[in-house]
Amino acid sequence: MCIKPLENGNAPVEKSDDENEIKMTLVTQENINKTMSNTSSSEIDINVRYGALSLACLVAGMSITFPHIQTLRDELECDTLCYGAMTSARSMLSLCGSAVIGRMSDGANMGRKRCLLIGIGATLAGLIISLMTHSIEGLWLAIVPGALLEQNFGVLKALFADYHHENGIEENGSKKITSNAPLTNSVGKLGMSVGLAFMVGPLFGGTLVKSYNQALLIAIIMTMISGIFILKLVDPPLIILSTEKMNNTGFVDRIKKFINVPSAKSPACIFLIIVRVLMALAFHIFSTIWTVSLKKRFDFQPSDHGKFMSFIGLTYALSQGFVANRVIKIFGPNRRVQVLLLCCVALGVGRYCAFQTTNLMLVYFMFLFIVMALGIVNTVISADTGKLAPTSEIGGVFGILEAMQNAAGMFGPLLGGSLAKMSSDAVTAPLISVLAIYFIVFIMI
């Protein structure tokens with residue numbers, strides 16, 4: 001073994017005699033102390049806020065265009081088949097992009113911040129395409145950059161896991177944590193920012209923005225602001241991967257090393273992926289029959305849908321930002337299983353009761369518990385996933401998790417529609433399948 005300094009002189013690299021070994025560049029104790037003194041717990045919390053604000057601006061900017069893009073689709077005679085094809089294409093591109101971008105964010109040559117900035121650039125490209133052309137072709141082209149490369153939600157979760165990672169720094173053989181705040185709190189802030197953005201964006205876009213072009217210009221400005229917050233983020237320099245030996249390997253070997261995420265093959269990670277996929281599948285099957293049911297039972301109009309979605313956005317934000325962390329504290333970290341079981345019961349019973357009542361206020365009451373439970377489940381699963389992989393793999397794990405969700409988003413509506421056709425009232429079979437999925441998750445947990 002020999003020690004060779006890096007060109008920038010920041011840390012030594014331990015060179016191995018084995019030419020096939022990929023070396024790890026570990027931060028020296030001096031740099032560890034310097035990093036910890038310069039990146040205190042309070043500063044990490046500030047970076048978490050920057051990340052949440054960045055995601056909020058990005059989602060709010062896109063959601064401002066929602067009321068007007070539907071009008072544009074109607075003007076361009078983009079029917080249900082056209083919109084369904086676009087949705088499937090977006091899900092397929094996101095399925096590929098989430099896994100690739102997540103894994104790229106693990107690499108030393110790319111990193112989290114650069115992947116986040118790639119997402120900002122892709123979103124801007126899609127918005128500019130939409131601004132330059134108002135046509136069916138323009139709608140299709142605008143989908144591609146963002147769906148493929150904008151995976152900022154998953155990358156930010158990986159970055160927050162870096163901040164809180166228990167394996168990030170080792171001192172005298174003992175693990176050292178970079179922040180005292182729980183990971184559930186940081187992940188919850190991301191969910192809260194998304195919920196608030198989905199609540200405020202469509203409401204602002206539908207009431208104060210007069211045209212699609214105005215909405216696009218505002219979205220471009222919001223996306224740029226999101227990029228500014230990303231530039232303020234700090235990449236924790238805990239472990240840097242050296243690529244000196246990888247440059248000497250063949251292209252196929254590099255691809256194999258890139259797609260190989262050992263942590264994703266662990267039983268715990270596979271379990272969480274299956275649970276998340278089943279939850280997503282239940283959500284998409286339920287969504288295929290829920291909108292039609294609201295129209296049939298309560299004669300829902302666009303304004304009613306707007307109010308209902310704003311209520312869901314606000315509830316989801318409160319769930320992820322406040323309720324989830326406090327519920328975990330009340331039950332304790334060792335009783336998360338009981339929390340997930342209660343959430344499964346709330347989701348199953350709540351969705352069934354919401355279909356049986358003809359009282360709109362009771363529907364809102366049921367969805368209060370449904371959305372709260374959904375927010376808690378997502379927070380717990382994301383936080384637990386962040387603890388299952390080292391820093392060098394966590395982006396890939398979150399990318400795989402997002403990819404599996406996108407797969408459920410592709411097949412869930414098709415399955416829900418097929419089950420609706422099998423049922424005489426178009427409701428019973430899909431609803432029973434949703435309850436069966438929650439029962440399976442309950443048993444698994």
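Please read all numbers here as calculations on a predicted model, not as lab measurements.

Peer 1: Can you explain the confidence of the model for the chain? Please cite residues and give values.
Peer 2: Across the chain, pLDDT averages 77, with 79% of residues at or above 70. When the elements of the chain are averaged for pLDDT, strand β4 (residues 169–171) gives the smallest value, 37, and helix α9 (residues 212–231) the largest, 94. Per-residue pLDDT stays below 50 along residues 238–247; that stretch engages in 30 contacts with residues further than four places along the chain or on separate chains.

Peer 1: Any chance you could break down the nonpolar core for me, citing the residues and the numbers?
Peer 2: Membership of the largest hydrophobic core comes to 44 residues, with the highest contact counts inside it found for Met279, Phe286, Trp290, Phe308, Leu347, Phe367 and Ile376. Mapped onto this core, the elements with two or more residues apiece are α11 (267–298), α12 (302–331), α13 (336–356), α14 (360–385) and α16 (428–444). The contact partners of Phe308, leaving out residues within four places of it in the chain, are Trp290, Leu294, Phe300, Val363, Tyr364 and Phe367. With 37 residues, the next largest nonpolar core counts Met86, Leu116, Val155 and Leu216 among its residues.

Peer 1: Run through the pattern of salt bridges, naming residues and quoting values.
Peer 2: In the structure shown here, the tally under the stated rule is four salt bridges. Among the salt bridges present, the one from Asp162 reaches Arg112, with a minimum N-O distance of 2.8 Å. With Asp162 in helix α7 (residues 152–164) and Arg112 in helix α5 (residues 111–132), the pair connects residues that are 50 residues apart, well separated along the chain. A salt bridge links Glu402 to Lys157; the shortest N-O distance between them is 3.1 Å. Placement of the pair is Glu402 in helix α15 (residues 391–422) and Lys157 in helix α7, with a sequence separation of 245 residues. The two residues Glu402 and Lys157 agree in class, both being buried.

Peer 1: Talk me through the environment of Ala52; I want residue IDs and the actual numbers.
Peer 2: One can find Ala52 in helix α2 (residues 41–64). Between the alpha carbons of Ala52 and Phe229 there is a distance of 9.0 Å; along the sequence they are 177 residues apart. Sequence-distant contacts of Ala52, that is, excluding residues within four places in its chain, are made with Phe160, Lys189, Leu190 and Ser193.

Peer 1: I'd like a rundown of the environment of Cys353, residues and numbers included.
Peer 2: Following the sequence through the fold, Cys353 ends up in helix α13. Assessed through its relative accessible area of 29%, Cys353 is described here as partly exposed. Cys353 sits 13 residues away from Met366 along the chain, and the two C-alpha atoms are 7.2 Å apart.

Peer 1: Could you give an account of the side chain of Thr315, with specific residues and numbers?
Peer 2: By secondary structure assignment, the location of Thr315 is in helix α12. Here Phe311 takes part through its backbone oxygen, which lies 2.7 Å from a polar atom of the side chain of Thr315. Look past the residues within four positions of Thr315 in its chain and what remains in contact with it is Leu368, Val371 and Met372.

Rules behind the numbers
Residues numbered from 1 in each chain as written. Predicted model: local features only at pLDDT ≥ 70, side-chain atom pairs only at ≥ 80, totals over all residues. Heavy atoms only, no water. pLDDT = per-residue confidence, 0-100. Helix = DSSP H or I, 4+ residues; strand = E, 2+ residues; numbered from the N terminus. Contact = heavy atoms within 4.5 Å. Core = buried A, V, L, I, M, F, W, Y, C linked by side-chain atoms within 4.5 Å. Buried < 20%, exposed > 50% of the residue type's maximum accessible area, 1.4 Å probe, protein only. Salt bridge = Lys/Arg side-chain N within 4 Å of Asp/Glu carboxyl O. Polar contact = N/O pair within 3.5 Å; in protein donor to acceptor, adjacent residues only side chain to side chain.

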